[in-house]
Amino acid sequence: MYNSILTYSWAFTFVLLSVCGISVLLMPIVVSSYIGLLLVCIIFGFTFASSFSFTPSILVSIVDLDDFTCAYGLVLLVQGVGMIAGPPIAGAIYEMTLR
């Protein structure tokens, strides 16, 4: 039973993050319509949250429970570095391309 829950969790996370990626790809297309952009942003928000809510359950299946706190801390560290470094890098790309 535990393996079926784990498989379901991985599959559900994959589907939600795929929908999240598709919503990001749709943003430049629907930017001219406020309602369209609003709906795509709502879809993005709900589906992106799965990356944070499913992380502990998937991580428990990968590492032992004794090592969970250290592993979860490392995952949050890596996510934090990406969140801190991402916007300045995106700004630099924006400035270099003048777009």
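Nothing here was measured: the structure is a model prediction, and the numbers come from that model. (Residues numbered from 1 in each chain as written. Predicted model: local features only at pLDDT ≥ 70, side-chain atom pairs only at ≥ 80, totals over all residues. Heavy atoms only, no water.)

Novice: Where do I start with the side chain of Thr-47 in this structure?
Specialist: Position of Thr-47 relative to the elements: it lies in helix H2 (residues 34-48). Reaching out from Thr-47, the side chain makes a polar contact with the backbone oxygen of Phe-44 at a distance of 3.3 Å. Setting aside anything within four residues of it in sequence, one finds Thr-47 in contact with Leu-16, Leu-17, Val-19 and Cys-20. (Helix = DSSP H or I, 4+ residues; strand = E, 2+ residues; numbered from the N terminus. Polar contact = N/O pair within 3.5 Å; in protein donor to acceptor, adjacent residues only side chain to side chain. Contact = heavy atoms within 4.5 Å.)

Novice: Could you clarify how one ought to interpret the state of the cysteines in this entry?
Specialist: Such a bond, covalent and formed between the sulfur atoms of two cysteines, is termed a disulfide. Following the criterion strictly, the structure yields zero disulfides and no others. The closest cysteine sulfur to the non-disulfide-bonded Cys-20 is located on Cys-41, 11 Å from its own sulfur. A relative accessible area of 6% places Cys-20 in the buried class. (Disulfide = S-S within 2.5 Å. Buried < 20%, exposed > 50% of the residue type's maximum accessible area, 1.4 Å probe, protein only.)

Novice: Even after reading the chapter, I still don't get the confidence of the model for the protein chain, so can you show me in this structure?
Specialist: Atomic detail in the predicted coordinates should be set aside for any region of low pLDDT. A residue-level look at the protein chain finds 93% of positions with pLDDT of 70 or above and a mean pLDDT of 86. Within the protein chain, the element-level pLDDT minimum falls on helix H3 (residues 50-53), averaging 79, and the maximum on helix H5 (residues 68-97), averaging 92. (pLDDT = per-residue confidence, 0-100.)

Novice: Honestly, the side chain of Thr-55 in this entry has me stumped. Any pointers?
Specialist: Within the fold, Thr-55 resides in helix H4 (residues 55-62). Beyond its immediate chain neighbours, meaning those up to four positions away, Thr-55 contacts Ser-50, Tyr-72, Val-75 and Gln-79.

Novice: What am I meant to see in the packing of aromatic side chains here?
Specialist: Within this structure, the stated rule accounts for three aromatic pairs. Between Phe-44 and Phe-48, the ring centres sit 5.4 Å apart and the planes meet at 10°, which makes this aromatic pair stacked. With a gap of four residues between them, Phe-44 and Phe-48 both fall in helix H2, about one helical turn apart. Seen in terms of ring centroids, Phe-68 and Tyr-72 are 5.5 Å apart; in terms of plane orientation they differ by 10°. Their pairing is stacked. Here the residue Phe-68 and the residue Tyr-72 both occupy positions in helix H5, the gap between them amounting to four residues, near one helical turn. (Phe/Tyr/Trp six-rings, centres within 6.5 Å; stacked < 30°, edge-to-face > 60°.)

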